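# Observations on the model geometry
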Amino acid sequence: MQDPTETAAEPNPGLVSTAIQAITQHIRSEGLAAGDPLPSEAAMTRQLNVSRTVVREAFRSLSAMRLIDMSAGRRATVAKLDTGAMSMVIEHGITTQQISVHQVYDVRRTIEMRTVALAALRRTEAEAAAIAQSARLMRENFQNPEIVMEHDIAFHEAIAAASHNPVFSLIVTAFSGVTRRTWVIGWRTRSSSEDQLKMIKGHEDIAEAILKGDPRLAVEHMAQHFDKSVKALLDAGIA
C-alpha cells in the first residue's frame, strides 16, 4: 500500500527500494533480455500500488546503476552489460583509500593470467590479429605516451574478449579507469626509450604466445609484465 506521508518531492525510500526489487524481479521472471522494454511507469504504478513518483525514482536508480536504459519519450529497456558502475566503485575505493592501487593490480594480475591462457586456447584469427595490432601500434606511437596508453588498454581488453568469457571482459574493462590514473606514472619511471620499448616488447611477446596458441608461455609473459608494472609503480611511490 502507498504510504500516505509520501510526497511527490520526496518519495518514501522504503517504497522506492521495494519498487526496485519488483522491477528487477519482473526482468527475471519474464526472461527479459538486453534491449527488451519494461512496463511503462503507469503500468508499474498500478501493479505495485504506489505513486508514479516512487516508480519514476526506482527507474532512475536502476538507470544510475546501468541496469536499465532510459530516454525521453520512450519506455525504459533492459540495459546491456556496462562496466561504468563497477569502474566507479573501484575508483571510489582508491580515491577514499579503502583499497590501494597495489591491491587492484594484484587482482588484475590474477585475472589476466587466466584471460591470457584462455585467449591462447580460444582466440580466433581475427582476435589474435587485433591483439597483435594493439601491440604494434604501441611501438609505432611510443613517443606519444597518451596514444600508447590507449593501445595498451585496448590490448588487455582484446585479450579478455578473446577469452570468450564476458565476465572477464566486464571486469578487465572496469579496470580501465584506474589504469588511466596510474599508467603515465609507471611509464615515466621507465625514463629511457630503451626501457619503454622493453615494456612494449613484453606486450608483443604476449601477443606472439597467443598467436602460437601456447597458454603456458602466454601466462609466463603476462606474469612478467605485471611484475614489472607493479615494480614501476612502487618505484614511483605508489603502493
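The name that an unreviewed UniProt entry assigns to the chain is FadR family transcriptional regulator, with the source organism given as Mesorhizobium neociceri.

### Some remarks on the environment of Asp-106
You can see Asp-106 is positioned in helix H5 (residues 101–122). Placed 120 residues apart in sequence, Asp-106 and Phe-226 show a C-alpha to C-alpha distance of 8.6 Å.

### A closer look at helix H10 (residues 193–212)
An ideal rise of 1.5 Å per residue puts 28 Å on 20 residues; H10 measures up with 28 Å between its terminal C-alpha atoms. Gln-196, Met-199, Ile-200, His-203, Ile-206, Ala-207, Ala-209 and Ile-210 are the residues of H10 that are buried. The elements touched by buried residues of H10 are H5, helix H6 (125–140), helix H7 (145–162), helix H9 (176–189) and helix H11 (215–235). In the stretch just after H10, Gly-213 is the one whose phi turns positive, near 75 degrees.

### Focus on the packing of aromatic side chains
Inspection of every chain in the model, using the stated rule, returns two aromatic pairs. Taken together, a centroid distance of 6.3 Å and an interplanar angle of 65 degrees make the contact between Tyr-105 and Phe-226 edge-to-face. Note that Tyr-105 is positioned in helix H5 and Phe-226 in helix H11, a separation of 121 residues in sequence. For the pair Tyr-105 and Phe-226, a shared accessibility class is recorded, and that class is buried. Relative to Trp-187, the ring of Trp-183 lies with its centre 5.0 Å away and its plane at 15 degrees, an arrangement referred to as stacked. With a gap of four residues between them, Trp-183 and Trp-187 both fall in helix H9, about one helical turn apart. Assigned by exposure class, Trp-183 and Trp-187 land together as buried.

### Observations regarding the nonpolar core
Side chains of a nonpolar character, in soluble globular proteins, are inclined to be buried together. In terms of nonpolar packing, the biggest core is built from 33 residues, with Ile-90, Val-116, Ile-131, Phe-155, Ile-159, Ile-206 and Ile-210 touching the most fellow members. Only helix H4 (84–95), H5, H6, H7, helix H8 (166–174), H10 and H11 provide two or more residues apiece to this core. Once residues within four sequence positions are removed from consideration, Ile-90 is found in contact with Ile-99, Val-104, Ala-174, Phe-175 and Val-178. Counting 17 residues, the second largest nonpolar core, distinct from the first, contains Ile-27, Val-54, Ala-58 and Leu-62.

### Some details on the domain arrangement of the chain
Domain annotation for the chain reports domain 1 (4–78) and domain 2 (84–235). Taking the mean C-alpha position of each, domain 1 and domain 2 sit 38 Å from one another.

### Things to note about the side chain of Thr-179
Here Thr-179 shows up in helix H9. Polar side-chain contacts of Thr-179 include one of 3.1 Å to the side chain of Arg-108.

### Quick look at unusual backbone geometry
A positive phi is found at Asn-49, a non-glycine position, where the angle reads about 60 degrees. Summarising the element assignment, Asn-49 is placed in the loop between helix H2 (41–48) and helix H3 (52–64). The backbone of Arg-66 sits at a positive phi, close to 65 degrees, despite the residue not being glycine. Position of Arg-66 among the secondary structure elements: in the loop between H3 and strand E1 (68–69).

Definitions and limits used
Residues numbered from 1 in each chain as written. Predicted model: local features only at pLDDT ≥ 70, side-chain atom pairs only at ≥ 80, totals over all residues. Heavy atoms only, no water. Helix = DSSP H or I, 4+ residues; strand = E, 2+ residues; numbered from the N terminus. Expected span 1.5 Å × (residues − 1). Buried < 20%, exposed > 50% of the residue type's maximum accessible area, 1.4 Å probe, protein only. Contact = heavy atoms within 4.5 Å. Phe/Tyr/Trp six-rings, centres within 6.5 Å; stacked < 30°, edge-to-face > 60°. Core = buried A, V, L, I, M, F, W, Y, C linked by side-chain atoms within 4.5 Å. Domains from an automatic or database assignment. Polar contact = N/O pair within 3.5 Å; in protein donor to acceptor, adjacent residues only side chain to side chain.

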